[in-house]
Amino acid sequence: MSQNFDVVVIGGGPGGYIAAIRAAQLGFKVACAESAAYDDPKGEPRLGGTCLNVGCIPSKALLATSEEFENISHHVSDHGITVKDATIDVKKMIARKDDIVTKMTGGIGFLFRKNKITLLKGHASFVGKGTDGYQVKIDGKDAGTVTAKNIIIATGSKARHLPSMPVDNELICDNEGALKFGATPKKLGVIGAGVIGLELGSVWRRLGAEVTVLEALPTFLGLVDEGTAKEAHKLFIKQGLNINLGVKIGDVKTSKKGVSVAYTDSTGAAKTLDCDRLIVSVGRVPNTDRLNLEAIGLKTDERGFIPVDDHTCETAASGVYAVGDVVRGPMLAHKAEDEGVLVAEVIAGQKPHIDYNCIPWVIYTSPEIAWVGKTEQQLKAEGRAYKPGQFPFGANGRALGMGQADGFVKVLADAQTDEILGVHIVGAAASDLIAEAAVAMEFKAAAEDIGRVCHPHPSLSEVMREAALATDKRALNM
Ligand code: FAD
Ligand code: NAI
């Protein structure tokens, strides 16, 4: 293939495919290159990136199944329902997850055809710059060179691997292997108590595995609001997750029996964790190594990320942009999507804007943890005077009725202006509740604004309203 486009997007994940669709909506002639087949039975490159294939969507499908299983096995009895001997068919659970992934990735193919976006099947890399714009070489099914004046790099990230723990995705797994175990391991080890470790650790614990998490840092979820992380830690330990903080990992050995991890605990005592399988979830690294960025005069930073302008996501090469996991900022699908939309609109001459302070985070454990804006520790470090308001789900009728009364909503408002500076939730449906806080913060709302808005009763959203009122010490139901 040798063709000229207005915009060539490299990578078909949430950053790339959304950028391609928005650019096509704006009238550009667009192509998008994707190389990874993931588990496609025909070995065809699949759209959707990490998120749809081996990230957000499959992990949430497994979280949903395992939550159903845990509720049926342990919690529906509180409602007076008796279910005897519930069993889990892990293969069926995995097949259901795979069906969801296939449906979602196929849906993007449909959207590409609808928006007349050319899919380039193969690995893209830079060749140089000519009169028609940047030249991009495609290696794979659609081999050839394409050109465009505007390029959007959306090549995403991959799991960080450690030399002492070679990932084979059988015994030692990253996210890809951990999403397709054929059976529930009796004993599961997890390296890293971050987002993936907690979500996937929860999945397999709920299905019956004895899960031990080994975390190098001495604090639990150090980036999360301290009080919120403490509450979550307490609840996870109660559920039976063995979380060991402040450990130092030593030798890791595999044998027919499984994996053996030597480590020293926070007191310096030598310990060994023997498990059937090990998940290594110690962060992710950007996919920039095989792009031949030098051909267009670009360099990555020392961690492999592509430096971009804070407001436009343009790189040092004019007309070349980068979005999503491959650039600074949180590695989140919705952040990648928003940057994809932003870049397409920048190319069209519009003036879009992203407020990175208003990007919500969610950890899909049970209960969920969600937040937006500043934590208490950040506000203290900045010396900004604030008023905290907290309200427990335990005082909310809907949460009690649902049997999900753990946790709270915490609102942090400016002490003088009452502007909402941060909202932190640990509790049921936190992923949905946090959207109200994100909207409020985008509109620079005051805590009083949420307090004055009529919320449906009975609903979990009333906890958000009460927490907003609590910043002024006037929660009504406490
Ligand atoms: P990616 O999704 O990684 O997509 C990049 C694509 O580019 C890939 O398909 C890759 O094959 C392709 N590519 C790379 N190089 C080339 C090349 N040279 N030529 C052609 N194609 C190329 N985020 C959330 O917001 N919510 C969640 O619940 C969530 N859950 C997650 C669970 C797990 C287990 C993992 C691993 C991640 C999760 N994430 C979640 C993070 C989320 O998946 C990423 O932030 C998001 O996918 C980033 O989007 P992206 O488009 O930047 O990159
Ligand atoms: P993470 O950065 O969330 O957590 C990694 C953890 O591993 C950290 O706590 C770190 O201290 C620890 N660690 C690092 N090296 C270690 C070592 N040698 N020994 C023991 N512990 C070690 O990374 P994770 O969980 O791999 O996820 C990657 C990213 O993917 C997340 O940061 C997030 O951006 C994204 N993601 C988002 C999800 C969501 O939005 N719900 C779900 C899953 C992933």
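Values in this document were obtained by computation on a predicted structure and should not be read as measured data.

Engineer: Sorry, what's going on with the overall build of the protein chain here?
Structural biologist: When helices and strands are counted, the protein chain shows 13 helices and 22 strands. Taken over the C-alpha trace, the protein chain has a radius of gyration of 24 Å; the compact-globule value for 478 residues is 23 Å, and the two agree within 12%. Considered along the principal axes of its C-alpha atoms, the protein chain spans approximately 70 × 60 × 45 Å. Taken over 478 residues, the protein chain has a buried fraction of 51%. Restricting the contact set of the protein chain to residue pairs at least 6 apart, pairs at least 24 apart contribute 61%. Approximately 21,900 Å² of the protein chain is accessible, and the part contributed by carbon and sulfur atoms is 52%. For the protein chain, the separation between the mean place of its 53 positive charges and that of its 58 negative charges on side chains is 3 Å.

Engineer: Explain the site of ligand 1 to me, please; I cannot follow it from the model alone.
Structural biologist: Taken together, the neighbourhood of ligand 1 is formed by 39 residues, with Glu 34, Tyr 38, Thr 50, Lys 60 and Asp 325 sitting nearest. Cys 51 places a main-chain nitrogen or oxygen 3.3 Å from an oxygen atom of ligand 1. Burial of ligand 1 by the surrounding chains reaches 93%, relative to a free accessible area of 1,000 Å². When contributions to the shell around ligand 1 are tallied by element, the ones reaching two or more residues are α1 (14-25), β2 (30-34), α2 (49-54), α3 (56-75), β4 (123-130) and α8 (333-347).

Engineer: Help me understand the site of ligand 2, please; the structure alone is not making it clear to me.
Structural biologist: Taken together, 23 residues are adjacent to ligand 2, and Glu 199, Glu 215, Gly 283, Met 331 and Val 362 come closest. Here an oxygen atom of ligand 2 and a backbone polar atom of Ile 196 are 2.9 Å apart. In this structure, an oxygen atom belonging to ligand 2 sits 2.6 Å away from a side-chain N or O atom of Glu 215. In isolation ligand 2 offers 850 Å² of accessible surface; the protein chains occlude 77% of this area. Of all the secondary structure elements, the ones that give two or more residues to the shell around ligand 2 are α6 (195-206) and β18 (361-363). The biggest single contributor to the shell around ligand 2 is α6, with three residues. A breakdown of the residues in the shell around ligand 2 according to their chemical character gives 14 nonpolar, four polar and five charged.

Engineer: Mind showing me how you'd approach the packing of aromatic side chains here?
Structural biologist: Any pair of aromatic rings gets described here by the distance separating the centres and the angle formed by the planes. Counted by the stated rule, this structure contains three aromatic pairs. Geometry around Phe 5 places Lys 29 over its ring, the cationic atom sitting 5.2 Å from the centre. Across the ring face of Phe 181, the terminal group of Arg 277 is positioned such that the distance to the ring centre comes to 4.3 Å.

Engineer: Is there a simple way to explain α3 in this structure?
Structural biologist: An α-helix turns once every 3.6 residues. As a result, residues three or four positions apart point the same way. Burial in α3 covers these residues: Pro 58, Ser 59, Ala 61, Leu 62, Leu 63, Thr 65, Ser 66, Phe 69 and Glu 70. Its buried side turned inward, α3 meets α2, α4 (90-114) and α6.

Engineer: Would you mind showing me how to read the environment of Ser 164 here?
Structural biologist: For Ser 164, the position within the fold is in the loop between β7 (157-159) and β8 (172-173). Overall, Ser 164 belongs to the partly exposed group, its relative accessible area being 37%. Separated by 89 residues in sequence, Ser 164 and Lys 253 have C-alpha atoms that sit 8.9 Å apart.

Engineer: Sorry if this is basic, but what is going on with the pairing of strand β19 (residues 368-373) here?
Structural biologist: The two faces of the sheet receive side chains in turn, since in a regular strand these alternate between them. Of all six residues that make up β19, six are buried, and the element is covered over most of its length. When β18 meets β19, the two strands line up antiparallel, connected through three bridges. When the bridges of β19 are listed, Val 362 appears paired with Ala 370. Taken together, β18 and the strand that follows it, β19, pair antiparallel across an intervening segment of four residues. Where β19 and strand β22 (residues 420-427) come together, six bridges link them in antiparallel fashion. Across the sheet, residue Val 372 finds its bridge partner in β22, namely Val 423.

Engineer: Got a minute to help me understand the sheet that holds strand β11 (residues 242-244) in this structure?
Structural biologist: Sheets are built from strands paired through backbone hydrogen bonds, the pairs being either parallel or antiparallel. Judged by pairing direction, the sheet is parallel, and its five strands sit side by side in the order β8-β15-β9-β10-β11 without closing on themselves. Each edge of the sheet is formed by a strand with only one pairing partner; in this case those strands are β8 and β11. Where β8 meets strand β15 (residues 277-280), two bridges bridge the pair, whose relative direction is parallel. For Cys 173, the partnering residue across the bridge sits in β15 and is Ile 279.

Engineer: How do you make sense of the sheet that holds β19 when you look at a structure like this?
Structural biologist: One open sheet holds the five strands; their spatial order is β18-β19-β22-β21-β20, and the pairing between them is antiparallel. Looking along the sheet, the strands with just one partner apiece sit at the ends: β18 and β20 (386-392). Taken pair by pair, the neighbouring strands of this sheet meet at an average axis angle of 10°, ignoring direction. Summarising the sheet, strand β21 (residues 408-414) and β22 pair through six bridges and their orientation is antiparallel. Pairing of Val 409 across the sheet is with Ile 425, part of β22. Against the sheet, helix α11 (residues 430-442) contacts β18, β19 and β22, and its axis sits at roughly 5° relative to β19.

Thresholds, definitions, all that
Residues numbered from 1 in each chain as written. Chains lettered and ligands numbered in written order. Predicted model: local features only at pLDDT ≥ 70, side-chain atom pairs only at ≥ 80, totals over all residues. Heavy atoms only, no water. Helix = DSSP H or I, 4+ residues; strand = E, 2+ residues; numbered from the N terminus. Rg over C-alpha atoms; globule rule 2.2 N^0.38 Å. Buried < 20%, exposed > 50% of the residue type's maximum accessible area, 1.4 Å probe, protein only. Contact = heavy atoms within 4.5 Å. Areas by Shrake-Rupley, 256 points an atom, 1.4 Å probe, with all protein chains shown as cover. Lys, Arg positive; Asp, Glu negative; His and termini not counted. Charge placed at Lys NZ, Arg CZ, Asp CG, Glu CD. Near = heavy atom within 4 Å. Polar contact = N/O pair within 3.5 Å; in protein donor to acceptor, adjacent residues only side chain to side chain. Nonpolar A, V, L, I, M, F, W, Y, C, P; charged D, E, K, R; others polar. Phe/Tyr/Trp six-rings, centres within 6.5 Å; stacked < 30°, edge-to-face > 60°. Lys NZ or Arg CZ within 6 Å of the ring centre and 35° of its normal. Pairing = 2+ DSSP bridges. Axes fitted to C-alpha atoms, helices over the stretch in contact; angles between N-to-C directions.

Nothing here speaks to function; it is geometry throughout.
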